[in-house]
Amino acid sequence: MERIRITGGRVLAGNIRPAAAKNSVLPLLAASLLCAKPCVLRGVPRLSDVDASLALLRAVGANPVRRGPDILLPPATVCGQVPPALAGAMRGSVFYLAPLLVRSGTVEMPLPGGCRLGPRPIDIHLAGLSAMGAQITESDTAVILRREGPLQGVDFTLRLPSVGATLTLLMAAACARGETVLRGAACEPEIADTAAFLRKAGACIEGAGTPVIRVRGTEGLLPGGGVHLPLPDRIAAATYAAAVAVAGGRITVTHCRPGHLAPFLRFLRTAGCEVAAGPESFSIARDPDTPLWGGADLRTGAWPDFATDTAPLAAAVLLQAKGESHIHDALFQNRFACAEGFAAMGADVRAEGRDLWIGGGAELHAARVTAPDLRGGAALVLAALAGRGTGSVMDSGHIRRGYEDLPADLAALGARCTYVKTLSDATIKTAPAVQMR
Ligand code: EPZ
């Protein structure tokens, strides 16, 4: 268990560059298994989900090598057995279904883990792969996929635009026999990024980033490899912007694609922040002595709507704003587990299933709270930037799944915020007299 110690009340200033997007890097690592030649991913952050992906790659026989910020992925012979601990460590393990099925003909995968945002079925991944000819056996805890001969191109309509399922089917289609048309596909920027990588390796893909994707399969491995710089992380960029909205100050987020977080920047503008966006950077300012306006009624949705991952960040911004606000998350049933931590800091909040009601006008104070998931944990850190006194966000590892060192990023902008090693559970059990602060 780690904790992040935050002392509120500091105004932020400076420039910051977001790392490469976790949600691009994870499928790209899996997609490298489809390439006959070596691949290199540039500028990959040291996230725990990346470490788990590298461990998974090694467990199936691949040999990824980290060289500073880059990861080299030489071609290798792989097997389709995914160890339960690695499948359960992250949702991103689902990205290995298609590549391992293509590569080894059989995949045995315990069900993927990840943030507990509510039920996260994989039925669309499986329905699409089944339509391409995979035989599927499911139990309560695992799934086994087999193919005889190459996967077949299909015309397949996703019942909803799942990001993960679109990526699974894109990877499968790239190596299938014949043409695939994916309809109702997710359009998030990370889909087009993965398609760009696959194209460098020789895939024929049109329409990635739109609801209809057409793929001409290579009937086996992609002939090439390639060097790829993944997209900048739009959710990390939104996190830094939200930090200024909460704490006040002025920062510039560089080397990012402001268009990828347009709904979030619009929301911050409406709340009273000054936002100036160019093609590859944006600056944001907020006078700490002037309260923001609440009264927001936000609803998350698939791209290009308000991103679900930014909903808890928006909530952190609205806690002190003047007026009541409401956020509805259309994607996940338990997006607002962070509400308990907000309330402990003095916020007037009520979470019920997919909805969060925020009373607004809170005077936040320091508290010791627990990160319930990745973005909820980040939102608690942001809220603490505005709290009186020194508080802590206890974290069993959620936040490092998506941010290499969020406190260090915020500290570089002037926040008083750091990771503090805390006593392990074992130490606490054997020495109950020791008080954790
Ligand atoms: C990806 O999750 C991201 N994770 C999530 O980021 C992100 O919140 C989400 O997309 C939405 O943008 C990764 O890329 C690793 P979905 P994913 O499939 O692929 C339902 C973060 O904090 N669904 O688009 O799991 C599902 O239950 C994380 O970085 C099915 O019903 O999201 C959900 O309600 C958290 N059946 C909705 O679709 C399926 O087979 C959207 O899920 C698949 C999904």
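Just so you know, the residues in each chain are numbered from 1, in the order the chain's sequence is written. Local features in this predicted model are restricted to residues whose pLDDT is 70 or higher, and side-chain atom pairs enter the listing and the counts only when it is 80 or higher, whereas totals over whole chains, interfaces and linings include all residues. The basis for every side-chain value is the complete set of non-hydrogen atoms in the structure, without hydrogens or water.

S.K.: Explain unusual backbone geometry to me, please; I cannot follow it from the model alone.
M.R.: Trans peptide bonds make up the majority, and among non-glycine residues the majority have a negative phi. Residue P304 is reached from W303 by a cis peptide bond, and omega for that bond is 10°. Think of it this way: any DSSP run of H or I at least four residues long counts as a helix, any run of E at least two long counts as a strand, and we number them from the N terminus. Counting through the fold element by element, P304 comes out in the loop between β17 (297-299) and α10 (311-318).

S.K.: Where do I start with the packing of helix α9 (residues 262-271) against α10 in this structure?
M.R.: Each pair of packed helices can be described by the angle between their axes along with the distance between the axes. Every axis corresponds to a line fitted to the C-alpha atoms, with the helix fit spanning only the stretch in contact, and the corresponding angles, defined between N-to-C directions, vary from 0 to 180 degrees. It is the contact of α9 with α10, at a shortest axis distance of 11 Å, that shows an interaxial angle of 10°. In terms of orientation, α9 and α10 fall into the roughly parallel class. Between α9 and α10, the residues in contact are F264, F267 and L268 and L313, A314, V317 and L318, respectively. Put simply, Ala, Val, Leu, Ile, Met, Phe, Trp, Tyr, Cys and Pro go in the nonpolar bin, Asp, Glu, Lys and Arg in the charged bin, and everything else, Gly too, in the polar bin. Here the contact of α9 with α10 is composed, by residue class, of seven nonpolar, no polar and no charged. Orientation labels follow simple angle bins: below 35 degrees gives roughly parallel, above 145 gives roughly antiparallel, 65 to 115 gives roughly perpendicular, and whatever is left gives oblique. Contact between two residues is taken to exist if any of their heavy atoms lie within 4.5 Å; hydrogens are not considered.

S.K.: Help me out: how do you make sense of the packing of aromatic side chains in this one?
M.R.: Centre distance and the angle of the planes are the two values used to describe a pair of aromatic rings. Here a pair means two rings of Phe, Tyr or Trp (six-membered ring of Trp) with centres within 6.5 Å. Their orientation is stacked below 30 degrees between planes, edge-to-face above 60, and tilted elsewhere. Considering all chains together, one arrives at three aromatic pairs under this definition. Arranged with centres 5.9 Å apart and planes meeting at 45°, the rings of F264 and F306 form a pair that is tilted. Placement of F264 in helix α9 and of F306 in the loop between β17 and α10 is noted, with a sequence separation of 42 residues between them. Judged by relative accessible area, F306 falls into the buried class, the value being 7%. Judged by centre distance (6.0 Å) and plane angle (90°), the rings of F267 and F306 are edge-to-face. Highlighted residues: F267 in helix α9 and F306 in the loop between β17 and α10, separated in sequence by 39 residues. By the ring-pair criterion, three or more aromatic residues cluster together here, those being F264, F267 and F306. As a reminder, the over-ring test applies to NZ of lysine and CZ of arginine, requiring each to be within 6 Å of the ring centre and within 35 degrees of the ring normal. The aromatic ring of W357 is capped on one face by R350, whose charged end is 4.5 Å from the ring centroid. One Lys or Arg, R400, reaches over the ring of Y419 and ends 3.8 Å from the middle of that ring. The classification of residues rests on relative accessible area computed with a 1.4 Å probe and restricted to protein chains. Under 20% of the type maximum is buried, over 50% is exposed, and intermediate values are partly exposed.

S.K.: How should the site of the ligand be read in this particular structure?
M.R.: Only a single heavy atom is needed: when it lies within 4 Å of a molecule or strand, its residue is near that molecule or strand. The immediate surroundings of the ligand are formed by 24 residues, with D123, S162, V163, D309 and L331 found nearest. What qualifies as a polar contact is a pair of N or O atoms within 3.5 Å, subject to a donor-acceptor requirement within protein and to the restriction that residues adjacent in sequence count only when both atoms come from side chains. At a separation of 2.7 Å, an oxygen atom of the ligand approaches a polar backbone atom of V163. Bound to the protein, the ligand loses 92% of the 820 Å² it would expose on its own. The element best represented in the shell around the ligand is helix α5 (residues 123-131), accounting for three residues. Each residue belonging to the shell around the ligand can be placed in one class, and the counts come to 11 nonpolar, five polar and eight charged. For the purposes of this description, domain bounds are those given by an automatic or database domain assignment. Formed jointly, the shell around the ligand draws a minimum of three residues from each of two domains, domain 1 (2-19 + 232-421) and domain 2 (22-228). Accessibility throughout is a Shrake-Rupley quantity obtained with a 1.4 Å probe, and a residue counts as covered only by protein chains that appear here.

S.K.: Just checking my understanding: could you explain the pattern of salt bridges for this structure?
M.R.: In a structure, side chains of opposite charge can pair up when their charged atoms sit close to one another. Salt bridges are identified by distance alone: a Lys or Arg side-chain nitrogen within 4 Å of an Asp or Glu carboxyl oxygen. In this structure the tally under the stated criterion is 12 salt bridges. In the salt-bridge network here, residues are joined through shared partners; they are E2, R400 and K421.

S.K.: Looking at this structure, how should I read the sheet that holds strand β20 (residues 355-358)?
M.R.: The pairing of strands in a sheet happens through backbone hydrogen bonds and is either parallel or antiparallel. When DSSP locates at least two bridges between a pair of strands, those strands are taken to pair. Spatially, the four strands line up as an open sheet ordered β17-β18-β20-β19, and their pairing is mixed. Among the strands making up the open sheet, the edge pair consists of β17 and β19 (349-352). Between one strand and the next, the sheet's axes are offset by a mean angle of 10°, whatever the strand orientation. Of the pairings in the sheet, the one linking β17 to strand β18 (residues 325-328) comprises three bridges and is parallel in character. By the bridge assignment, R299 is partnered in β18 with H328. Packed onto the sheet, α10 meets β17, β18 and β20 and runs at close to 175° relative to β18.

S.K.: Whenever I open this one, the nonpolar core confuses me. Can you help?
M.R.: Nonpolar side chains in soluble globular proteins generally cluster together in the buried interior. Within this scheme, the nonpolar core is defined by two criteria: the residues are buried Ala, Val, Leu, Ile, Met, Phe, Trp, Tyr or Cys, and they are joined through side-chain atoms within 4.5 Å. Among the nonpolar cores identified, the biggest contains 75 residues, and F264, F267, L268 and F342 are the most heavily contacted of them. Element by element, the count of residues in this core is highest for helix α8 (residues 234-247), at 12 residues. Excluding residues that lie within four positions of it along the chain, F267 makes contacts with A296, L298, F306, A314, V317 and L318. In terms of nonpolar packing, the next biggest core, distinct from the first, is built from 74 residues, A62, V143, A176 and F197 among them.

S.K.: Would you mind showing me how to read the sheet that holds strand β14 (residues 249-253) here?
M.R.: The sheet built from four strands is open, its strands ordered β2-β14-β16-β15 with mixed pairing. Single-partner strands in this sheet number two, and they are β2 (12-16) and β15 (274-277). With strand direction ignored, the average angle separating the axes of adjacent strands in the sheet is 10°. Across five bridges, the pairing between β14 and strand β16 (residues 282-286) is antiparallel. Across the sheet, residue G249 finds its bridge partner in β16, namely R286.

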